[in-house]
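# Examining the three-dimensional arrangement
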Amino acid sequence: MMKTKATTYVRKLRVGDTVYEDGEYWEVTRNPVVENGSHVVVYLRPYPHYEGVRSRAYRYSIDARTKLS
């Protein structure tokens, strides 16, 4: 049986990854962008999403971790 990671750094997320935060599932819609070496901007939208739902930009600390789903 293959093990998978339970968490990852926010800066290492990729488009299409699904994360679990604040009791909800979110889908990554753009690759994370590191700003000034101290923050990461990630675009997320609720998962599953409905037509017309847009992504939102969230800013995290460079060392922030999140749960993969």
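The coordinates are above.
A brief look at the structure comes next. (Residues numbered from 1 in each chain as written. Predicted model: local features only at pLDDT ≥ 70, side-chain atom pairs only at ≥ 80, totals over all residues. Heavy atoms only, no water.)

What follows deals with the packing of aromatic side chains. The tally for this structure, following the rule as stated, stands at two aromatic pairs. Considering the side-chain rings of Y20 and Y25, the 4.9 Å spacing of their centres and the 55 degrees angle between planes classify their relative orientation as tilted. By relative accessible area, which is 32% here, Y20 ends up partly exposed. Under the relative-accessibility criterion, Y25 is labelled partly exposed at 41%. Relative to Y58, the ring of W26 has its centre 5.8 Å away and its plane inclined at 65 degrees; by these criteria the two rings are edge-to-face. With W26 in strand β3 (residues 24–28) and Y58 in strand β6 (residues 56–61), this residue pair connects regions lying 32 residues apart in the sequence. Take Y58: its relative accessible area is 25%, and that puts it in the partly exposed class. Cation over ring: R11 sits above Y9, and NZ or CZ is 4.3 Å from the ring centre. Here R65 stacks its cationic end above the ring of Y9, 4.5 Å away from the centre of that ring. (Phe/Tyr/Trp six-rings, centres within 6.5 Å; stacked < 30°, edge-to-face > 60°. Buried < 20%, exposed > 50% of the residue type's maximum accessible area, 1.4 Å probe, protein only. Helix = DSSP H or I, 4+ residues; strand = E, 2+ residues; numbered from the N terminus. Lys NZ or Arg CZ within 6 Å of the ring centre and 35° of its normal.)

So, on to the nonpolar core. Nonpolar side chains in soluble globular proteins tend to end up buried together. In terms of nonpolar packing, the biggest core is built from eleven residues, these being V10, L13, V19, W26, V28, V40, V42, L44, Y60, I62 and A64. Of all the secondary structure elements, the ones that give two or more residues to this core are β3 and β5 (39–46). It is β5 that contributes the most residues to this core, three residues altogether. Discounting chain neighbours no more than four positions away, the residues touching L44 are W26, E27, V28, T29, R54, S55, R56, Y58 and Y60. (Core = buried A, V, L, I, M, F, W, Y, C linked by side-chain atoms within 4.5 Å. Contact = heavy atoms within 4.5 Å.)

Under the criterion given, the structure shown has three salt bridges. Residues R45 and E27 are paired through a salt bridge, measuring 3.3 Å at the closest nitrogen-oxygen approach. Residue R45 is located in strand β5, and its partner E27 is located in strand β3; the two are separated by 18 residues in the primary sequence. A salt bridge links E35 to R59, with the shortest nitrogen-to-oxygen separation between them at 2.4 Å. Note that E35 is positioned in strand β4 (residues 33–35) and R59 in strand β6, a separation of 24 residues in sequence. (Salt bridge = Lys/Arg side-chain N within 4 Å of Asp/Glu carboxyl O.)

As far as function goes, none of this settles anything; it's purely spatial.
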